[in-house]
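Here is what each chain is made of, one letter per residue.
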Amino acid sequence: MTPTPVEYVSTRGGAPRLAFADVVLAGLASDGGLYVPAAWPRLSATEWQALSRLSYAELMARVLAAFAAPDVGEAELAALAADAYRDFDHPEVAPLAALGDDHFLLELFHGPTLAFKDYALQVLGRLFDRVLARRGERVTIVGATSGDTGSAAIAACRDREAVEIFILHPRGRVSEVQRRQMTTVDAGNVHNIAVEGTFDDCQDLIKAMFNDPPFRQRWRLSAVNSINWARIAAQVAYYISAALRLGSAGDPVAFAVPTGNFGNVLAGWVAKRMGAPVGRLIIGSNRNDILTRFFATGRMEIEGVVPTLSPSMDIQISSNFERYLFELLGRDGGMVKATMQRFRDAGQFSLPQPLWRQALADFTAYRCDDEQTQATIRDVFTRTGRLVDPHTAVGIAAARSARPDVGGPLVTVATADAAKFPDAVAAATGVRPPLPPRLADLFDRPEHLVALPADLATIQSHISQVLSQKGITG
Ligand SMILES: *Cc1c(COP(=O)(O)O)cnc(C)c1O
């Protein structure tokens, strides 16, 4: 199959059209929008059939090739995906496990950091390297983390030739397992900074670095956060893989997805848009329920963030929703721009009734508070003997709420291994999930980090010094 070349447009209509490789490197569009394909690739019936015979890495390469043409070809992507998934600890990479009455778990925690972000980031890190090497360029990735994202980004970028990565975390405010997953990585291009401050301070520092053009350009700053299109594109593969295993055109598969940013569930929608047998998409929110409130009312409204048992979904704004909004608004970038402007100024926007209804044809959303999350972890353990992490539990609770309205196969996306959140799991079940063998010596490994004050000039000069000492010239 030779995929049709894909061009990318910004959701706000004011940035140049770009090809895939440029979109990967750009992240955010220059008009503040997000890049999406100018047209959605669709596969023929024979192409779908062929997909179901492939290994996970081969399937990923073929799906990604449909978004990456002509910049990166399927053969190159296949080599890259084989390498990315070689060390995952399950031969199927993204296996399905039965949970009861036509309800399955899609296990996305077999990668190096035990959470679903590895599935896209392990590919994205290698893609960055490939694209940069071809151009003779390099980048400095900077990011802030409250725990999970940082370790997945570090695992993806370690030892990449053309990439240096600096991750800021709030000192003393991430769990020891999370910190050690970042700081025990022994690679010359990985730099951990423990900031004397909060996660918000870390995020503000990152924003300030991007808002400093000389610094940004000197070190070619880049990010690997979930607004990067390649992450969404890479996530489409596991929806397709599961849908082809369990469903058919007449019997589509519903997915329940614990999500905060709308990134993971959006990939499910893309799979459906490409013609995969995907049915209803069920969103699970924790108490930070901006998405659930939106689907209940047609109104997107910002509220404060509260800490929950599922911290990777403790967000105020679902950034990736803008990509779906672009579709709902008939791909009218001007309207998206005006809507997002209103959202920024007033903290809210409403959709006209018909568009809200259209959104409800694709998605259903449920909120699950901490008590329900714990009750779900306990109930799954009692019924099946299986330990699930709090994020996955939010997804399972949503799936169960939706079940009366959703027939046929139902898949809950399991986004993390229970061992990543041992305290919450032990509190709910009395059983403490052990660290898997690959992390068994985590507490014996030496840590690599520097502690710095939450001061922009200090952190910038530290970064410049580290890079200069490595002989990187800005
Ligand atoms: C990041 C993360 C999520 C939320 O992902 P979205 O991008 O918001 O869809 C859910 N669970 C875990 C374990 C995560 O790390």
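Rules used in this analysis
Counting restarts for each chain, with residues numbered from 1 along the sequence as it is written. In view of the model being predicted, local features appear only for residues whose pLDDT reaches at least 70, and side-chain atom pairs are presented and counted only at 80 or more, with totals across whole chains, interfaces and linings using the full set of residues. Side-chain metrics rest on all non-hydrogen atoms present in the structure, leaving aside hydrogens and water. When we say a residue is near a molecule or strand, we mean one of its heavy atoms is within 4 Å of it. The definition of a polar contact used here is a pair of N or O atoms within 3.5 Å, where within protein one atom must be able to donate a hydrogen and the other to accept one, and adjacent residues in sequence count solely through side-chain atom pairs. Values of accessible area rely on a 1.4 Å probe in the Shrake-Rupley scheme; residue burial ignores everything except the protein chains shown. Fitted lines through C-alpha atoms give the axes, limited to the stretch in contact for helices. The angle between two N-to-C directions lies from 0 to 180 degrees. The helix and strand labels rest on DSSP assignments: H or I over at least four residues marks a helix, E over at least two residues marks a strand, and numbering proceeds from the N terminus. The labels follow the angle: roughly parallel below 35 degrees, roughly antiparallel above 145, roughly perpendicular from 65 to 115, and oblique for the rest. Throughout, a crossing is termed right-handed when the near helix is turned clockwise from the far one, and left-handed when it is turned anticlockwise from it by less than a right angle. Any two residues whose heavy atoms approach within 4.5 Å are treated as being in contact. The nonpolar class holds Ala, Val, Leu, Ile, Met, Phe, Trp, Tyr, Cys and Pro. Asp, Glu, Lys and Arg form the charged class, and all remaining residues, Gly among them, are polar. In this description, a nonpolar core means a group of buried Ala, Val, Leu, Ile, Met, Phe, Trp, Tyr and Cys residues linked to one another through side-chain atoms lying within 4.5 Å. Only protein chains enter the accessibility calculation, which uses a 1.4 Å probe; a residue is then buried when its area is under 20% of its type maximum, exposed when over 50%, and partly exposed in between. In the cavity and pocket records, a cavity denotes points on a 1 Å grid over the protein atoms alone where a 1.4 Å probe fits but cannot get out, a pocket denotes an open set with protein on both sides within 12 Å along at least 5 of 7 lines, and lining residues are residues with an atom within 4 Å of a point. Grid points are joined across faces, edges and corners, and a volume is the space filled by probe spheres set on the points. Two strands pair if DSSP finds at least two bridges between them. Every case where a carboxyl oxygen of Asp or Glu lies within 4 Å of a side-chain nitrogen of Lys or Arg is listed as a salt bridge.

Chemist: Can you help me understand the site of the ligand in this one?
Modeler: With respect to spatial proximity, 14 residues lie near the ligand, and among them K117, T259, G260, N261 and T415 are the closest. Here an oxygen atom of the ligand sits 3.0 Å away from a polar atom, N or O, in the side chain of D148. T259 is positioned such that a nitrogen or oxygen atom in its side chain is 2.6 Å from an oxygen atom of the ligand. For the ligand, whose accessible area on its own is 390 Å², the fraction buried by protein is 96%.

Chemist: Is there a simple way to think about the packing of helix α5 (residues 117–135) against helix α10 (residues 229–246) in this case?
Modeler: How two helices pack is summed up by the angle between their axes together with the distance between the axes. Where α5 contacts α10, the two axes come as close as 9 Å, and the packing angle between them is 130 degrees. For the element pair α5 / α10, the angle class is oblique. Judged by the sense of rotation from one axis to the other, the crossing of α5 with α10 is right-handed. Contact residues: α5 offers K117, Y119, A120, L121, L124 and L127, while α10 offers A230, R231, A234, Q235 and Y238. Counted by class, the contact of α5 with α10 contains eight nonpolar, one polar and two charged residues.

Chemist: Help me understand the side chain of H462, please; the structure alone is not making it clear to me.
Modeler: Of note, H462 is situated in helix α19 (residues 456–469). The contact partners of H462, leaving out residues within four places of it in the chain, are I193, V450 and L452.

Chemist: Hey, could you run me through the nonpolar core in this one?
Modeler: For soluble globular proteins, the rule of thumb is that nonpolar side chains tend to be buried together. Counting 115 residues, the largest nonpolar core has Y85, F128, W229, I240, F255, F262 and F321 as its most contacted members. For this core, the element with the most residues is α10, which contributes 12 residues. Residue contacts for W229: discarding those within four places in its chain leaves Y8, F20, V23, Y35, P37, W40, F67, V270 and R323. In this structure, V195, I206, I459 and I463 belong to the second largest nonpolar core, which totals 18 residues.

Chemist: It is not clear to me how the layout of surface pockets should be interpreted in this structure. Could you clarify?
Modeler: To locate leftover empty space, one rolls a probe as large as a water molecule over the atoms. Estimated volume of the second largest pocket: approximately 470 Å³. Around the second largest pocket sit 22 residues that line it, and P112, Q122, A155, R158 and R438 are the ones nearest its centre. Listing elements by their share of the lining of the second largest pocket, those giving two or more residues are α4 (74–85), α5, α6 (148–157) and α7 (176–183). Along the lines of polarity and charge, the residues of the lining of the second largest pocket split into seven nonpolar, five polar and 10 charged.

Chemist: What is the right way to read the sheet that holds strand β9 (residues 253–258) from this model?
Modeler: By definition, the strands of a sheet pair up through backbone hydrogen bonds, in either a parallel or an antiparallel sense. A sheet is described by the order of its strands in space; here six strands give the open sequence β3-β4-β14-β9-β10-β13, paired in mixed fashion. The two strands at the open ends of the sheet, each matched to only one other strand, are β3 (96–100) and β13 (363–367). Mean inter-strand twist for the sheet, computed between neighbouring axes without regard to direction, equals 25 degrees. Pairing geometry for β9 and strand β14 (residues 410–414), over three bridges, is parallel.

Chemist: Looking at this structure, how should I read unusual backbone geometry?
Modeler: Trans is the common state for peptide bonds, and a negative phi is the common state for residues other than glycine. Here the amide bond leading from A69 into P70 is cis, since omega sits at -5 degrees, within 30 degrees of zero. Note that P70 resides in the loop between α3 (56–68) and α4. A positive phi angle, near 60 degrees, is found at R331, a position not held by glycine.

Chemist: Sorry, what's going on with empty space enclosed by the protein here?
Modeler: Counting across every chain of the model gives two cavities of 30 Å³ or more. Approximately 60 Å³ is the volume attributed to the largest cavity. Along its surface, the largest cavity is lined by M300, I317, S318, S319, F321, E322, M340, F343 and F349. Across the lining of the largest cavity, the residue classes break down as six nonpolar, two polar and one charged.

Chemist: What should I look at first to understand the pattern of salt bridges in this one?
Modeler: Close approach of charged atoms lets side chains of opposite charge pair. Counted by the stated rule, this structure contains 30 salt bridges. Between E322 and R12 there is a salt bridge, and its shortest N-O distance comes to 2.8 Å. Separated by 310 residues along the polypeptide, E322 in helix α13 (residues 321–328) and R12 in the loop between β1 (8–10) and α1 (20–26) bring together distant segments of the chain. Of the residues examined, E322 reaches a relative accessible area of 4% and is grouped as buried. A salt bridge links R367 to D289, with the nearest nitrogen and oxygen atoms 2.6 Å apart.

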